[in-house]
Amino acid sequence: MKQHSIRQYVAWLTLTPLLFMAVSLEAFFLHDRFSALDEDLAERGQLIARQLATGSEYGVFSDNRAFLQNLAQGALQQPDVRGVIVLDAASGILVEAGKFAGAPGNAADDSKTASSRAVPIQESVNSQMPIHRGSEGLRIYQPIVPAQVALDEPETRHGVKPMGAVIVEMSGARTGQLKSRLLWLTVGSTVLFLIFPLCLIYLGSRNIISSIRRLSDAVRALGNGRLETRVAVSAHVAELETLAYGINDMAAKLQQENVVLLQRTTRLTEAQRIAHLGNWEWDIVNNTLDWSDEIYRILGLAPQPFGATYEVFVQAVHPDDRQAVKDCIRETLEGKCICSMDHRILLPDGSLRFVHEQAEVSCNGNEQPVRMTGTMQDITGAKLAAEALRVSRENL
């Protein structure tokens, strides 16, 4: 599993809710502003369509197309107005100006082409659906009502047939550009908003992270046996100061106890050397032996990580004593006795020594032997002295 640093965890825990909140607020803000821009475009289009319909009443009534063309060209000067069509009462095109989205040609086309092109435009917007929103903008249908009918009397107006209609197409290009700029501005502001707390996290956690790193390095050094290691933390954080004091106190105690242990080990080794007495431990499960330095000396070997086994030990025993040693060990493993016997060993140079072996066995919860510990004492001098005394007595 991939591991992360404390700084990464702190950054994620801090930035995740901030990112969620920022994205949510940004989405809400953009939706609200985009809707406002769309509504503003629609309101301006409806206002232009109403004004054009009011101004076109005379031209439609008198079939003055030059007058209507001037009105249409004037409407095209308004922001976002892309196309204008003036219809008569039979939905025939009187005037067309500008260029409509999805329709080839422009106002310079002949009337036949314009009439055939107006069919899909009139189908997309009419009195039943006065506003049609498309991907490139919107179209607005505004009927031309005679001026003598009061506009504030809807019950009277409904009974009057419109003289014609005006279709105005508003381009969404400028609104799209405003949306794009607003989007990038909002995204940039959000990024800057997130960078600011990220910098604060980095600056604020730098001292803490470096202190934790020093504590981690100190613990690793202590684990590797460098008990003289100490750590100095000034993170201005009470918990880290307490942890640093605890590590230093633990290291001091371990170092002191290690000195005492080394002194005891040295004294024990020296005592074993003087007494020619060594100790050993046999891991029965893994069949490994651990010998003290004195046993190496007794066997004529240099103290070293030996990696010995039971079979290696048996090979060091004098051939005439091997069976007796094996029987003693077997009976001890079976729990019949405590192994205590004298036997001979052969040194690598072929010389002979006498040793006294004593061992006990330890069992697990199932009463199965798992470890045997014992001692080996060099009694060669005592044996030779006893033999010399026996010979001396026999010669008397």
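Residues numbered from 1 in each chain as written. Predicted model: local features only at pLDDT ≥ 70, side-chain atom pairs only at ≥ 80, totals over all residues. Heavy atoms only, no water.

### Focus on the environment of aspartate 217
Phase 1 of the analysis: Relative to the helices and strands, aspartate 217 is located in helix α6 (residues 173–223).
Phase 2 of the analysis: Here aspartate 217 falls in the partly exposed class, since its relative accessible area comes to 39%.
Phase 3 of the analysis: In this structure the C-alpha to C-alpha distance between aspartate 217 and valine 231, which are 14 residues apart in sequence, comes to 8.9 Å.
Phase 4 of the analysis: For aspartate 217, the side chain forms a polar contact with the side chain of arginine 220, separated by 3.0 Å. (Helix = DSSP H or I, 4+ residues; strand = E, 2+ residues; numbered from the N terminus. Buried < 20%, exposed > 50% of the residue type's maximum accessible area, 1.4 Å probe, protein only. Polar contact = N/O pair within 3.5 Å; in protein donor to acceptor, adjacent residues only side chain to side chain.)

### Quick word on a nonpolar patch on the surface
Phase 1 of the analysis: Together, Leu183, Trp184, Val187, Val191, Leu192 and Ile195 give the surface a local cluster of nonpolar side chains, amounting to about 570 Å² of exposed area.
Phase 2 of the analysis: In this fold, valine 187 is placed in helix α6. (Patch = residues over 30% accessible without salt bridge, like charges linked within 9 Å, V, L, I, M, F, W, Y side chains within 5 Å. Areas by Shrake-Rupley, 256 points an atom, 1.4 Å probe, with all protein chains shown as cover. Salt bridge = Lys/Arg side-chain N within 4 Å of Asp/Glu carboxyl O.)

### A closer look at the packing of aromatic side chains
Phase 1 of the analysis: Enumeration according to the criterion identifies two aromatic pairs in this entry.
Phase 2 of the analysis: Taking the centre distance of 5.7 Å and the plane angle of 85° together, the rings of tyrosine 58 and phenylalanine 67 count as edge-to-face.
Phase 3 of the analysis: Its relative accessible area of 29% is what places phenylalanine 67 among the partly exposed residues.
Phase 4 of the analysis: Between tryptophan 291 and tyrosine 296, the aromatic rings sit 5.6 Å apart at their centres with planes inclined by 70°, giving edge-to-face as the arrangement. Just as tryptophan 291 is buried, tyrosine 296 falls in that class too.
Phase 5 of the analysis: Looking at lysine 179, its charged tip hangs above the ring of phenylalanine 34, at a distance of 5.4 Å from the centre. (Phe/Tyr/Trp six-rings, centres within 6.5 Å; stacked < 30°, edge-to-face > 60°. Lys NZ or Arg CZ within 6 Å of the ring centre and 35° of its normal.)

### What to know about the sheet that holds strand β6 (residues 277–283)
Phase 1 of the analysis: Strand order in the open sheet made by the five strands is β7-β6-β10-β9-β8, with antiparallel pairing throughout. Only two strands of the sheet have a single neighbouring strand rather than two, namely β7 (288–291) and β8 (339–346). Strand-to-strand, the axes of this sheet are offset by a mean angle of 25°, without reference to chain direction.
Phase 2 of the analysis: Running at roughly 125° to strand β9 (residues 352–363), helix α11 (residues 380–395) makes contact with β8, β9 and β10 (369–378) of the sheet. (Pairing = 2+ DSSP bridges. Axes fitted to C-alpha atoms, helices over the stretch in contact; angles between N-to-C directions. Contact = heavy atoms within 4.5 Å.)

### Describing the pairing of strand β1 (residues 81–88)
Phase 1 of the analysis: The buried count for β1 comes to six of eight residues, which makes it a mostly enclosed element.
Phase 2 of the analysis: Strand direction decides the pairing type here: β1 and strand β2 (residues 93–98), joined by five bridges, are antiparallel. Note that in β2 the partner of valine 84 across the bridge is alanine 97.
Phase 3 of the analysis: Taking the residues between adjacent antiparallel strands as the criterion, β1 and β2 are bridged by four residues, where serine 91 takes a positive phi near 65°.

### Quick notes on the sheet that holds β1
By way of backbone hydrogen bonds, the strands of a sheet pair with one another, either parallel or antiparallel.
Phase 1 of the analysis: Read from one edge of the open sheet, five strands run β2-β1-β5-β4-β3, paired in antiparallel fashion. Each edge of the open sheet is held by one strand with a lone partner, namely β2 and β3 (131–133). For this sheet, the mean angle separating the axes of adjacent strands, direction not counted, is 10°.
Phase 2 of the analysis: Sheet strands in contact with helix α3 (residues 65–76) are β1 and β2, and its direction is about 30° off that of β2.

### Overview of helix α10 (residues 322–333)
Phase 1 of the analysis: Counted at 1.5 Å a residue, the expected span for α10 with its 12 residues is 16 Å, and the 16 Å between its end C-alpha atoms agrees.
Phase 2 of the analysis: Three or more residues of α10 are buried, namely Val325, Cys328, Ile329 and Thr332. What you see down the axis of α10 is that its buried residues fit within an arc of 95°, all on one side.
Phase 3 of the analysis: If you follow the buried residues of α10, they end up packed against β6, α9 (310–316), β8, β9 and β10.
Phase 4 of the analysis: Within two residues after α10, glycine 335 carries a phi angle of roughly 80°, on the positive side. (Expected span 1.5 Å × (residues − 1). Arc of directions from axis to C-beta.)

### Examining the pattern of salt bridges
Phase 1 of the analysis: Under the definition given, this model contains 21 salt bridges.
Phase 2 of the analysis: A salt bridge links aspartate 63 to arginine 65; its shortest N-O distance comes to 3.5 Å.
Phase 3 of the analysis: Residue aspartate 63 is classed as partly exposed on the basis of its relative accessible area of 45%.
Phase 4 of the analysis: On the accessibility criterion, arginine 65 (41% relative accessible area) is partly exposed.
Phase 5 of the analysis: Here glutamate 136 and arginine 82 are joined by a salt bridge, their closest N and O atoms 3.9 Å apart. One end of the pair, glutamate 136, is in the loop between β3 and β4 (137–144); the other, arginine 82, is in strand β1, and 54 residues separate them in sequence.
Phase 6 of the analysis: Overlapping salt bridges bring together Asp40, Arg44, Asp80 and Arg174 as one network.

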